[in-house]
Amino acid sequence: MRLDKYLKVSRLIKRRTVANEACDAGRVLVNGKAAKASVSVKPGDVLEIQFGSKAVKVEVLNVQETVKKEAATEMYRYL
């Protein structure tokens, strides 16, 4: 699954366009490397997202095309 779509489906970022912009600005790292929105995400990958002065680091647990709001937090684990 594309990185921007994963960020939206998992609800780490609210909208896909915002996720796209964050990737273009270099604020999203996949396994320690700056990633474009088109990078493929798979279970086991570590994502680091910069929100202003705050950074969020999560591990991808599973990848699903659609998920309910309540189950979205089961797609990743905070590190």
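For the structure, see preceding data.
### Quick notes on the packing of aromatic side chains
Within this structure, the stated rule accounts for 1 aromatic pair. Here Tyr76 and Tyr78 contribute two aromatic rings whose centre-to-centre distance is 5.5 Å and whose plane-to-plane angle is 90°, an arrangement assigned as edge-to-face.

### A few points about the sheet that holds strand E3 (residues 46-51)
One open sheet holds the 5 strands; their spatial order is E2-E1-E3-E4-E5, and the pairing between them is antiparallel. Only two strands of the sheet have a single partner each, and these edge strands are strand E2 (33-34) and strand E5 (76-78).

### With respect to the pairing of E3
Two faces, one strand: in a regular strand the side chains alternate between the faces of the sheet. Pairing analysis gives 3 bridges linking strand E1 (residues 28-30) to E3, with the strands arranged antiparallel. Bridged to Val28 within E3 is Ile49. Pairing of E3 with strand E4 (residues 54-60) involves 6 bridges; the strand directions are antiparallel. Within E4, the residue paired with Leu47 across the bridge is Val58. What sits between E3 and E4 in their antiparallel hairpin is a turn of 2 residues, with Gly52 showing a positive phi close to 65°.

### Topic: the pattern of salt bridges
The final tally for this structure, using the stated rule, is 5 salt bridges. With a shortest N-O distance of 3.3 Å, Asp4 and Arg16 are connected by a salt bridge. One end of the pair, Asp4, is in helix H1 (residues 3-9); the other, Arg16, is in helix H2 (residues 16-24), with 12 residues separating them in the sequence. In this structure, Arg77 and Glu59 form a salt bridge, with 2.1 Å as the shortest nitrogen-oxygen distance. Highlighted residues: Arg77 in strand E5 and Glu59 in strand E4, separated in sequence by 18 residues. Here the salt bridges share partners, and the residues they tie into one network are Arg2, Asp4 and Arg16.

Cut-off values and rules
- The numbering scheme is per chain: residues are counted from 1 as the chain's sequence reads.
- Restriction of local features to residues with pLDDT of at least 70 applies here, the model being predicted, together with a cutoff of 80 or more for giving and counting side-chain atom pairs; totals for whole chains, interfaces and linings are based on all residues.
- Heavy atoms from the whole structure form the basis of all side-chain values; hydrogens and water molecules are not counted.
- Centre distance within 6.5 Å is the pairing criterion for rings of Phe, Tyr and Trp, where only the six-membered ring of Trp is used; planes under 30 degrees apart are then read as stacked, over 60 as edge-to-face, and the remainder as tilted.
- When DSSP locates at least two bridges between a pair of strands, those strands are taken to pair.
- The way it works is that DSSP assigns letters per residue, a run of H or I at least four long becomes a helix, a run of E at least two long becomes a strand, and they are numbered from the N terminus.
- Salt bridge criterion: a side-chain nitrogen from Lys or Arg within 4 Å of a carboxyl oxygen from Asp or Glu.

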